[in-house]
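Summary of the model geometry
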Amino acid sequence: RLAREVENAARVKSSRVAAIVDKDLGADAPYYVQEYVSGTPLDEFMASRSGGLNAEELRRIAIGLLRALRDVHAAGVVHRDVKPGNIIISGSEVWLVDFGISRYIGSEPPSGTATTGMAALGTKLFASPEQLAGAVLTEASDVYSWGMVIAFAAGAVHPVDPDDTMPDSDYYLALRAGRLDLTRVPANLLDSVEKALRFNPERRPTVAHLARQVEQNTRWLGETSQIPDPRTTMRDLRSLGAVTEAARYELARLERAVADTWTGFAA
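Just so you know, these numbers come straight off a predicted model, no measurement behind them. Residue positions are counted from 1 within each chain, in the order its sequence is given. It should be noted that, the model being predicted, local features are given only for residues of pLDDT at least 70 and side-chain atom pairs only at 80 or more, the latter also being counted only at that level, while totals for whole chains, interfaces and linings use all residues. Note that the side-chain values use all heavy atoms of the structure and ignore hydrogens as well as water.

1. Observations concerning a nonpolar patch on the surface
To keep things clear, this is the line we draw: A patch consists of residues whose relative accessible area exceeds 30% and which take part in no salt bridge; residues with like charges are grouped when within 9 Å of each other, and nonpolar side chains (Val, Leu, Ile, Met, Phe, Trp, Tyr) when within 5 Å. Shrake-Rupley sampling with a 1.4 Å probe provides the accessible areas, and residues are treated as covered by the protein chains on show and by no other component. The salt bridge criterion pairs a side-chain nitrogen of Lys or Arg with a carboxyl oxygen of Asp or Glu, the two atoms within 4 Å. Starting at the N terminus, helices and strands are each numbered in turn, a helix being any DSSP run of H or I of at least four residues and a strand any DSSP run of E of at least two. Per-residue accessibility, obtained with a 1.4 Å probe over protein chains only, is compared with the maximum for each type, and a residue is labelled buried under 20%, exposed over 50%, and partly exposed between these values.
A cluster of nonpolar side chains, contributed by Val 21, Tyr 31 and Val 33, occupies part of the molecular surface with about 250 Å² of accessible area. Residue position: Val 33 is located in strand β2 (residues 31-34). Taking the relative accessible area as the measure of exposure, Val 33 reaches 34% and is therefore partly exposed.

2. Considering the packing of aromatic side chains
The line we're drawing: Centres within 6.5 Å are what make two rings of Phe, Tyr or Trp a pair, Trp counting through its six-membered ring; a difference in plane orientation under 30 degrees is then read as stacked, over 60 as edge-to-face, and the rest as tilted. Throughout this description, the term charge over a ring refers to an Arg CZ or Lys NZ atom that lies within 6 Å of the ring centre and within 35 degrees of the ring normal.
The final tally for this structure, using the stated rule, is two aromatic pairs. Measuring from ring centre to ring centre gives 5.7 Å for Phe 126 and Phe 152, while their planes differ by 85 degrees; the resulting arrangement is edge-to-face. Placement of Phe 126 in the loop between β7 (103-104) and α4 (129-132) and of Phe 152 in helix α5 (residues 139-155) is noted, with a sequence separation of 26 residues between them. For the pair shown, Phe 126 and Phe 152 are each scored as buried. One cation-aromatic arrangement involves Lys 124 over Tyr 171; the distance from NZ or CZ to the ring centre is 5.0 Å.

3. Points about the sheet that holds strand β6 (residues 94-96)
For clarity, the threshold we go by: Any two strands between which DSSP finds at least two bridges are classified as paired. Residues count as neighbours in contact if any of their non-hydrogen atoms are within 4.5 Å of one another. Each axis is a line fitted through C-alpha atoms, taken for helices only over the stretch in contact, and angles between the N-to-C directions span 0 to 180 degrees.
What the three strands build is an open sheet, ordered β3-β5-β6; its pairing is antiparallel. With one partner strand each, in any of the chains shown, β3 (40-41) and β6 form the two edges of the open sheet. Sheet contacts for helix α3 (residues 55-74): β5 (87-89) and β6; angle to β6, the most-contacted strand, approximately 40 degrees.

4. Description of the side chain of Arg 60
Defined as follows: In protein, a polar contact means a hydrogen-donor-capable atom and an acceptor-capable atom, both N or O and within 3.5 Å, with residues adjacent in sequence counting only if both atoms are side-chain atoms; elsewhere, any N or O pair within 3.5 Å suffices.
Tracing the backbone shows Arg 60 in helix α3. For Arg 60, a relative accessible area of 15% corresponds to the buried category. Here Ile 227 takes part through its backbone oxygen, which lies 2.6 Å from a polar atom of the side chain of Arg 60. Every residue in contact with Arg 60, bar those within four places of it in the chain, is listed here: Val 94, Ser 225, Ile 227, Pro 228, Asp 229 and Pro 230.

5. Overview of the nonpolar core
It is characteristic of soluble globular proteins that their nonpolar side chains tend to be buried jointly. Note the following rule: Here, the term nonpolar core denotes a set of buried Ala, Val, Leu, Ile, Met, Phe, Trp, Tyr and Cys residues that are joined through side-chain atoms within 4.5 Å.
In this structure, Leu 42, Leu 53, Ile 61, Leu 65, Trp 146, Met 148 and Ile 150 are the most contacted members of the largest nonpolar core, which totals 51 residues. Within the residue set of this core, elements represented by two or more residues are α2 (42-47), α3, β5, β6, α5, α6 (168-177), α7 (187-196) and α8 (207-217). Of the residues forming this core, the biggest block, 10 residues, is contributed by α5. For Met 148, the contacting residues outside a window of four places in its chain are Leu 125, Phe 126, His 158, Pro 159, Val 160, Tyr 171, Leu 175, Leu 180 and Leu 197. The next biggest cluster of nonpolar side chains, apart from the first, holds five residues, and it includes Ala 18, Val 37, Trp 95 and Val 97.

6. Side note on empty space enclosed by the protein
Note the threshold: Lining residues are defined by having an atom within 4 Å of a point belonging to a cavity or pocket. Those points lie on a 1 Å grid over the protein atoms alone, cavities being sets where a 1.4 Å probe fits but cannot get out and pockets being open sets with protein on both sides within 12 Å along at least five of seven lines. Grid points are joined across faces, edges and corners, and a volume is the space filled by probe spheres set on the points. Residues are grouped as follows: nonpolar covers Ala, Val, Leu, Ile, Met, Phe, Trp, Tyr, Cys and Pro; charged covers Asp, Glu, Lys and Arg; every other residue, Gly included, is treated as polar.
All told, the structure shown has two cavities of 30 Å³ or more when counted by the stated rule. In this model, the largest cavity occupies a volume close to 70 Å³. In terms of lining, the largest cavity is formed by Ile 63, Leu 66, Arg 67, Ala 211, Arg 212, Glu 215, Glu 245, Arg 248 and Tyr 249. Broken down by secondary-structure element, the contributors of at least two residues to the lining of the largest cavity are α3, α8 and α9 (240-259). Taken together, the residues of the lining of the largest cavity sort by class into four nonpolar, no polar and five charged. Space inside the second largest cavity adds up to approximately 30 Å³. Forming the walls of the second largest cavity are Ala 151, Val 157, Pro 159, Asp 181, Leu 182, Arg 184 and Val 185. Broken down by class, the residue content of the lining of the second largest cavity amounts to five nonpolar, no polar and two charged.

Structure below.
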């Protein structure tokens, strides 16, 4: 399992995912060294607030996490444990860390594909229904977890099990019945979150679709934020589609900067 974690983390090349800098799995005490990300986990950040994130902070978390997931999925890896504790808010970026239960989508030796329930690995409150059921996972599982993270961050309360007291079976039935309280999610993010939280993984949108939709629906926000605005780096420009997406995002930032001034708004 340790070797699989190292292999999967090393596959991901991203400025938003902690990189592997050293390893020795043949040592008496096998180890690997991952880039240190100085920042605050989202769950600790939320604990320091009296309520959920404001609309601008939600936008930044939503887009930053989607960009990190895009890089993870581009490497053929499903993270499988997207939760507030694995999302780090640094001074300049939103990071995704911890590939302890990640899964490579490509061919793997049988010894590396052990499936375990959430009682043993992962976090029930942010896991997808198919993950809870021990089914085969795709990128859609991380999409579901993204939706649950945003719903939680919007109100500082879990949308299904606020007190974390529901038995696993009842929790799964609540997901299947769609009993999620999304009233705290802002209107401009609600459609994206609802689609990401569809029970059937085949009906969920892709990360790329969500990134475009979130960027389009939230581009005119202007509230103050303690969370950094996602940056565009050279690693984001690896294909024509990626260049187009980056250009759209930078254009939105320009529009926001202009609209936030009286002369720009008048023009």
